[in-house]
Amino acid sequence: MSVQETAAHESLPNGSLSTMGSKLKTAKFLVPSDRVCLLAAVANAVVGGDMLVKFLHWPKWPLAMCVLAAAVAGMLLLLRWIQLRGITLGRGWLIAAWCAFVLIFAVLFHLSHSRKFGVGSDRDDALRAAAAELVHGHFPYYARTYLGNAITPLPGAVILATPFYLLGNVALQNCVWLALLLWFGTIYFRERSTALMLVVLVFGTATVNLDDFVVGGDYLINGIYVAIALFAVLATAEREKPLILHIAACVLLGLAIDSRPTYVVVFPLLAAYLWQHSGPKAAIRAVLISGLVAGAASIPFYLYDPAHFAPLHVTHKLDMIPAKLKAPLVLPVAGLLASCLGFWMKLSVPRVYLILGLAMLVMSGIPGVWGWVTVGPRIVDAWYWLGWLTLPLFFILLWSLRVFEDNSEALRSGAV
């Protein structure tokens, strides 16, 4: 059975729907899964709204967020209308969206690194400095960014960024992975309109994601290549697929998981899905290959100089949580336990993304909300912590938009 065949087609509760013309139903959020999609999309925009808080004064930024939330609801209504009408968007829409974001990237990346509007961001410089050391055979974590900060991306992120360093700019990977996200969306979703909506919601409504994208940061990009690599592993595990493709996908997934420690929660989900759909042999093989690649990427660097293995220092971001709660230990364990839910339910690809998002919400969302509550009186500082929730919400949107799309198909076919 193919990945597309095993994708979720969530059951819809019965409800009355008025007609739209002779064939169409009204584009209202009547079923619970529609409302979940709306909630996830609005939450993504609001928690990612730190740029609005930063540049707009009270009461302008709350008003701006209300307008943004209304716009998000309007976009989902438009998506429902398009899908109920059976309108198929051409590839040109996706190309146009990519070109628009690349143009924004080109302009704002230059401005952010011109130092005319502050010190700028060293998110991309961390990858550049680490890749430069790696290419020359040096330990990458002795380097510092131009702001004097340590290199915190794990080796997997550095390795995946190195080809772009050799091309002249590691930030170019953001444009490439955005294109791959659009391509992935045309495979994962049934409609190009849903793939386009995903990109607009993730990059166009959450200002923290757009800001990270244009300065060359890799926070969301890490999530994108984890999502794509995970899908590739699940798709190529089928018996009729060439084994070499499956192994290559597992290698990519191993490097993607090794971009951030939180992605360790992928392993239980990978095992659970493949155990259900392809058997224990496929599950063990995929976990072993991707796990060995992730370990081989990081362990040698850690053993070389554990004291200067800077990625482990990110645990200090949890210092605002009382030490007695042991957050650096409890949160990963809680995330892994959440990801193990996959062993207790029938998994589809969208449900894999849902559980992955929930597991990451445990690991990133709890400190994000804690920081928002306790960081202090400056609202702009507090909103930075809420931005941690955008990455889990990306995975939840992958699930909820697929279910939204399934609801549109069911409404159009008269299944409800």
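Since this is a predicted model, take the numbers as computed values, not measurements.

Calculation rules
- Residues numbered from 1 in each chain as written.
- Predicted model: local features only at pLDDT ≥ 70, side-chain atom pairs only at ≥ 80, totals over all residues.
- Heavy atoms only, no water.
- Helix = DSSP H or I, 4+ residues; strand = E, 2+ residues; numbered from the N terminus.
- Buried < 20%, exposed > 50% of the residue type's maximum accessible area, 1.4 Å probe, protein only.
- Contact = heavy atoms within 4.5 Å.
- Expected span 1.5 Å × (residues − 1).
- Axes fitted to C-alpha atoms, helices over the stretch in contact; angles between N-to-C directions.
- Left-handed = near helix turned anticlockwise from the far one by under 90°.
- Nonpolar A, V, L, I, M, F, W, Y, C, P; charged D, E, K, R; others polar.
- Phe/Tyr/Trp six-rings, centres within 6.5 Å; stacked < 30°, edge-to-face > 60°.
- Core = buried A, V, L, I, M, F, W, Y, C linked by side-chain atoms within 4.5 Å.
- Salt bridge = Lys/Arg side-chain N within 4 Å of Asp/Glu carboxyl O.
- pLDDT = per-residue confidence, 0-100.

Caption draft 1: Main features of the overall build of the protein chain. In terms of helices and strands, the protein chain carries 18 helices and two strands. Within the protein chain, the fraction of its 416 residues that count as buried is 53%. When contacts within the protein chain are restricted to residue pairs at least 6 apart in sequence, those whose partners lie at least 24 apart make up 76%.

Caption draft 2: A look at helix H7 (residues 155-167). Along its 13 residues, H7 runs 19 Å from first to last C-alpha, staying within 8% of the 18 Å computed at 1.5 Å per residue. For H7, the full list of buried residues reads Pro 155, Gly 156, Ala 157, Val 158, Leu 160, Ala 161, Thr 162 and Phe 164. Buried residues belonging to H7 abut helix H6 (123-135), helix H8 (172-188), helix H11 (219-236), helix H12 (243-257) and helix H14 (280-304). Gly 168 sits one or two positions beyond H7 and adopts a positive phi of about 120°.

Caption draft 3: Looking closely at the side chain of Asn 209. Locating Asn 209 in the fold gives a position in helix H10 (residues 207-214). Discounting residues that sit within four places of it in the chain, Asn 209 has contacts with Asn 44, Val 202, Phe 203, Leu 220 and Thr 390.

Caption draft 4: A look at the environment of Ala 283. Residue placement: Ala 283 occurs in helix H14. Placed 46 residues apart in sequence, Ala 283 and Ala 237 show a C-alpha to C-alpha distance of 8.7 Å. In this view, Ala 283 contacts Ala 271, Leu 274 and Trp 275; residues no more than four positions away in its chain are not counted.

Caption draft 5: Region of the structure containing the packing of H8 against helix H9 (residues 192-205). Two elements in contact, H8 and H9, have axes whose closest approach is 8 Å; the angle formed by their N-to-C orientations is 145°. In this structure, the crossing between H8 and H9 has a hand that is right-handed. Touching Leu 178, Leu 181, Leu 182, Gly 185 and Thr 186 of H8 are Arg 192, Ala 195, Leu 198, Val 199 and Phe 203, all from H9. Tallied by class, the residues present in the contact of H8 with H9 amount to seven nonpolar, two polar and one charged.

Caption draft 6: Representation of the packing of aromatic side chains. Tallying each qualifying case throughout the model produces 25 aromatic pairs. Pairing Phe 105 with Phe 109 gives two aromatic rings, centres 5.2 Å apart and planes at 25°, and the pair type is stacked. Here the residue Phe 105 and the residue Phe 109 both occupy positions in helix H5 (residues 91-112), the gap between them amounting to four residues, near one helical turn. The residues Phe 105 and Phe 109 share a single accessibility class, namely buried.

Caption draft 7: Representation of unusual backbone geometry in the model. Geometrically, the link from Trp 58 to Pro 59 is a cis peptide bond, its omega value of 5° lying close to zero. The topology assignment puts Pro 59 in the loop between helix H3 (50-55) and helix H4 (60-84).

Caption draft 8: The arrangement of the nonpolar core in detail. Phe 203, Tyr 353, Phe 395 and Leu 398 are the most contacted members of the largest nonpolar core, which totals 122 residues. Among the elements that take part in this core, H11 stands out by supplying 14 residues, more than any other. In contact with Tyr 353, other than residues within four places in its own chain, are Phe 184, Tyr 188, Ala 227, Leu 230, Phe 231, Phe 395, Ile 396 and Leu 398.

Caption draft 9: Looking closely at the packing of H11 against helix H18 (residues 390-413). At a minimum axis separation of 9 Å, H11 and H18 run at an interaxial angle of 30°. H18 is crossed by H11, and the crossing has right-handed handedness. On H18, the residues touching Tyr 219, Leu 220, Gly 223, Ile 224, Val 226 and Ala 227 of H11 are Thr 390, Leu 391, Phe 394, Phe 395 and Leu 398. Partitioned by chemical class, the residues of the contact of H11 with H18 number nine nonpolar, two polar and no charged.

Caption draft 10: Region of interest: the pattern of salt bridges. With the rule as written, the count across this model stands at ten salt bridges. Note that Arg 80 and Asp 34 form a salt bridge whose closest N and O atoms lie 3.0 Å from each other. Residue Arg 80 is located in helix H4, and its partner Asp 34 is located in helix H2 (residues 32-47); the two are separated by 46 residues in the primary sequence. The buried category is assigned to Arg 80, whose relative accessible area is 2%. Residue Asp 34 is classed as buried on the basis of its relative accessible area of 1%. Taking the shortest distance from any N to any O, the salt bridge between Arg 123 and Asp 218 comes out at 3.5 Å. Taken together, the residues span a long stretch of sequence, with Arg 123 in helix H6 and Asp 218 in the loop between H10 and H11 at a distance of 95 residues. Here Arg 123 falls in the partly exposed class, since its relative accessible area comes to 28%.

Caption draft 11: The arrangement of H4 in detail. Here H4 spans 36 Å end to end across 25 residues, near enough to the 36 Å set by a 1.5 Å rise per residue. Regarding H4, the residues found buried are Trp 61, Pro 62, Met 65, Leu 68, Val 72, Leu 76, Leu 79, Arg 80, Ile 82, Gln 83 and Leu 84. Just beyond H4, the residue with positive phi is Gly 86, at close to 75°.

Caption draft 12: Just the confidence of the model for the protein chain, in detail. Averaged over every residue, the pLDDT of the protein chain is 87; the share at 70 or more is 89%. In the predicted structure, residues 4-28 sits below a pLDDT of 50 and forms 55 contacts with residues beyond four places in sequence or in another chain.

Caption draft 13: Here's a closer look at the environment of Leu 245. Within the secondary structure, Leu 245 is located in helix H12. Leu 245 sits 13 residues away from Ala 232 along the chain, and the two C-alpha atoms are 8.7 Å apart.

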